[in-house]
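Examination of the molecular architecture
Below, each chain spelled out in residue letters.
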Amino acid sequence: MCGIAGWVDWSQDLSEERAVLTEMTRSIAHRGPDAEGFWYSKRAAFGHRRLIVIDPEGGKQPMLYRDGEQTIALTYNGELYNYRELRRELEGKGHRFETNSDTEVLLHSYVEWKEDCVRYFNGIYAFGIWDEQRGQLMLGRDHLGVKPLFFARRGSAIIFGSEIKVLLAHPLVEPVVDREGLADLFGMGAMRTPGQGVFKDVEEVKGGHYVTFSAEGSRNIRYWKLVSRKHTDDTETTVRTIRSLLEDTVKRQLIADKPVVCMLSGGLDSSGLTALAGQNFREQGKKLHTYSIDFANNDRDFEEDFMRRDKDEPWVRRVSEHVGTEHHSVVFGPEKLIEHLLEPMRARDLPSVGEIETSLYLLFTEMKKDATVALSGESADEVFSGYPWFYQEQFLNAEIFPWLINFGYTSGILKTEIRDMLQLEAYRKRRFQEAVGEIPFLEGEAELERKQRQMSYLFIMRFLPYMLDRKDRASMMTGFEVRVPFCDYRLVEYLWNVPFELKSIDHIEKGILRRAFEGVLPDDVRNRRKSAYPSTKDKAYLDLISRWMLDILDDPNAPIHALIDAGKVRLIAEGKSTVESGTDARAIFDYLVQVNCWLKEYGVKLELGS
């Protein structure tokens, strides 16, 4: 895993622009703490920060392919899980390799198949390729957008990078946020619209897309999408297919030249992956290490809520003992969560959800001390339709993104004039209708089946991008790679057409996955009900974040005063008023504290004119 940066200009000589490219690349040094590389030509300049996972000597970047007058340069972040098969196929076509890296395989894949190379890849990746002979830049991103990639067009220039901060390090890109960006920030929250970079004229390469640029213009191509068809496999075949795909993808994703560990919450998803990985480790005579998170005083403070049924730790110990892992439970108190609250914001270059992401960042900080790579159960709930939203009428019938029913709290604390200007309800509705307009409904489906397919699409294509962003930024901020087996596009394609009633067989969410893990996990673990990622309930956290919010409100120069109804927020922070929509005050303060610090640290200029 790595960080990439690049600048292409068809009218300016970039061969001497070392200072700018160095700043761009060093802004993401955290993504690649092991090595730094640069390449310059007249029209293109590429930078790279490397986190060594495979082929320490052979995977150096930017990597070049030269043949006569042809020069092709690559800067790449990610892993190709099928690179060994691709290498054999390319060797059969006459390609010769000098390294054992997947980077060289990706480069030769482009040489052989040009833009169609992405159709051959199974992995998580974001890359930039400059084809000198064709005068073309290609930016490509994996099927589901596990690895990030942003770009900005400025005159004849294209500036791109793994994170928005790469672009902001370039003198042509200013930290301006207009009405559209602010509407996404407050209307969608952390679940921003795919393709929308929030900063003005900053774009994102969407998952399953590649974009090409030349002096003549650009093309944005969607190379992968979900295709709806009738599911014809019977129950047993479906179970066997899921089990086979998971065994294959876990085996592929354990390949690394650095230590690999597993995240373990004691839930179905991470427990199943841990069991499969643990079996692989045992066959090699090795012991798998696992990691979980807990909060100080959680035994005292835990409360069941909409997303959390019970505590993780007893289940974590149960699975660790069953699989035979060396387990590490990482415990944090409220003071440490507050101390590091802004790190996820700095990692994402945008405000986020708060202590849930902070604890994830702190967990990865600890895991990095022992390993370089981890497997995570992320995305199983989206792919297997496991959230409570999938089977409750209130959400199935909602004409809004279902998660906003629970989390759409920020508009009520904005100044009236800002709220009137942004028209957040209309913005949310527009984004919702855009998403629904993309759904490949299956002809002849019953109304309930259509609603369930719609819900599935919204979670895979609109909610999952946030979850993947969260995991990528929190991990890569610490120079740590997290792999997500449930995001294997083959599994996603297959599950897309499995009916909800089959996914939830045995009258339990993700019932089909529970059957696939039969014999892999103890029955009590397989049948544990869904419980979301843990969140602290310690009152001390609310006290600390409320105090921070009040300090901001007391500062007349705090930039957030331009946006919020300070009187309303103050009443909530002082405990004299409640929060609308049933959202707890911590969530509001987490977000507003981050917004204020983001406006200040990034020097954001608000452009709110018509």
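Read on for a plain summary of the structure. Model, not experiment: these values are computed from the prediction. (Residues numbered from 1 in each chain as written. Predicted model: local features only at pLDDT ≥ 70, side-chain atom pairs only at ≥ 80, totals over all residues. Heavy atoms only, no water.)

On to the overall build of the protein. Helices and strands together make up the secondary structure of the protein, namely 25 helices and 19 strands. Against the globule reference of 25 Å for 610 residues, the protein gives a C-alpha radius of gyration of 24 Å, in line with a compact fold. Taking all 610 residues of the protein together, 63% fall into the buried category. Contacts spanning at least 24 positions in sequence make up 73% of the contacts within the protein whose residues lie at least 6 apart. Of the roughly 23100 Å² of accessible surface on the protein, 45% is carried by carbon and sulfur atoms. Of note, the protein has its 82 positive side-chain charges centred 1 Å away from the centre of its 97 negative side-chain charges. (Helix = DSSP H or I, 4+ residues; strand = E, 2+ residues; numbered from the N terminus. Rg over C-alpha atoms; globule rule 2.2 N^0.38 Å. Buried < 20%, exposed > 50% of the residue type's maximum accessible area, 1.4 Å probe, protein only. Contact = heavy atoms within 4.5 Å. Areas by Shrake-Rupley, 256 points an atom, 1.4 Å probe, with all protein chains shown as cover. Lys, Arg positive; Asp, Glu negative; His and termini not counted. Charge placed at Lys NZ, Arg CZ, Asp CG, Glu CD.)

A separate point is the nonpolar core. With 189 residues, the main nonpolar core has Phe127, Phe186, Ile242, Phe384 and Trp598 as its most contacted residues. If one sorts the elements of this core by residue count, helix H18 (residues 447-476) sits on top with 13 residues. Discounting chain neighbours no more than four positions away, the residues touching Phe127 are Ile4, Leu74, Thr75, Tyr76, Leu106, Val118, Phe121, Met138, Leu139, Gly140 and Leu149. Grouped together as the second largest cluster of nonpolar side chains are 18 residues, Ile4, Trp10, Ala126 and Phe213 included. (Core = buried A, V, L, I, M, F, W, Y, C linked by side-chain atoms within 4.5 Å.)

Turning to the packing of helix H5 (residues 179-187) against helix H17 (residues 424-438), a few remarks are in order. The contact between H5 and H17 brings their axes to 10 Å, and the two run at 90°. Relative to H17, the element H5 is oriented roughly perpendicular. Between H5, through Glu180, Ala183, Asp184, Phe186 and Gly187, and H17, the contact on the second element is made entirely by Leu424, Tyr427, Arg428, Arg430 and Arg431. (Axes fitted to C-alpha atoms, helices over the stretch in contact; angles between N-to-C directions. Parallel < 35°, antiparallel > 145°, perpendicular 65-115°, else oblique.)

What follows concerns the sheet that holds strand S7 (residues 136-141). Neighbouring strands of a sheet are bound in pairs by backbone hydrogen bonds; such pairs are parallel or else antiparallel. In space, the 6 strands of this open sheet follow the order S4-S5-S6-S7-S12-S13, with antiparallel pairing throughout. Pairing within the sheet leaves two strands with one partner each, and these edge strands are strand S4 (63-67) and strand S13 (217-222). Averaged over neighbouring strand pairs, the angle between their axes works out to 15° when direction is ignored. One ladder, built from 6 bridges, connects strand S12 (residues 209-214) with S13; its direction is antiparallel. Pairing of Val211 across the sheet is with Asn220, part of S13. The strands that helix H3 (residues 102-113) touches are S4, strand S5 (70-80), strand S6 (123-131) and S7; relative to S5, the one it contacts most, it runs at about 130°. (Pairing = 2+ DSSP bridges.)

We now examine unusual backbone geometry. In this model, Gln61 is joined to Pro62 through a cis peptide bond whose omega is -5°. Mapped onto the secondary structure, Pro62 falls in the loop between strand S3 (44-50) and S4. Look at Lys114: it is not a glycine, yet its phi comes out positive at around 50°. The topology assignment puts Lys114 in the loop between H3 and S6. Non-glycine residue Asp201 carries a positive phi angle of around 60°. Mapped onto the elements of the fold, Asp201 is located in the loop between H5 and strand S11 (202-204).

Now for the environment of Ser577. Considering the arrangement of structural elements, one finds Ser577 in the loop between helix H24 (566-573) and helix H25 (585-601). Relative accessible area serves as the criterion here: at 32%, Ser577 is assigned to the partly exposed category.

Another aspect to go through is the pairing of S4. Here 5 bridges tie S4 to S5, and the two strands are oriented antiparallel to one another. Directly across from Met63, in S5, lies its bridge partner Leu74. Hairpin remark: S4 followed by S5, antiparallel, with 2 residues in the connecting loop; positive phi at Gly68, about 65°.

Here 6 strands make up an open sheet; going across it, the order is S2-S3-S1-S9-S8-S11 and the pairing antiparallel. Sheet topology places strand S2 (35-40) and S11 at the edges, where each strand pairs with a single neighbour. In this sheet, adjacent strand axes meet at a mean angle of 15° when their direction is disregarded. Strand direction decides the pairing type here: strand S8 (residues 150-154) and S11, joined by 3 bridges, are antiparallel. Following the sheet pairing, Ala152 is matched in S11 by Val202. Helix H1 (residues 18-26) contacts strand S1 (2-9), S2, S3 and strand S9 (157-161) of the sheet and is inclined by roughly 145° relative to S2.

Before going further, it helps to spend a moment on the packing of aromatic side chains. Per the stated rule, a full pass over the model turns up 28 aromatic pairs. Look at Phe390 and Phe500: their rings are 6.4 Å apart centre to centre, the planes differ by 15°, and that puts the pair in the stacked class. Of the two residues, Phe390 sits in the loop between helix H13 (380-383) and helix H14 (393-396) while Phe500 sits in helix H20 (residues 500-503), which places them 110 residues apart along the sequence. With relative accessibility at 15%, the residue Phe500 sits in the buried group. Joined through ring pairs, the aromatic side chains of Tyr387, Trp389, Phe390, Phe395, Phe401, Trp403, Phe432, Phe459, Phe463, Tyr466 and Phe500 make up one cluster. We note Arg450 situated over the ring of Phe441; from NZ or CZ to the ring centre the distance is 3.9 Å. The residue whose ring lies beneath Arg453 is Trp496, and the NZ or CZ to ring-centre distance is 5.0 Å. (Phe/Tyr/Trp six-rings, centres within 6.5 Å; stacked < 30°, edge-to-face > 60°. Lys NZ or Arg CZ within 6 Å of the ring centre and 35° of its normal.)

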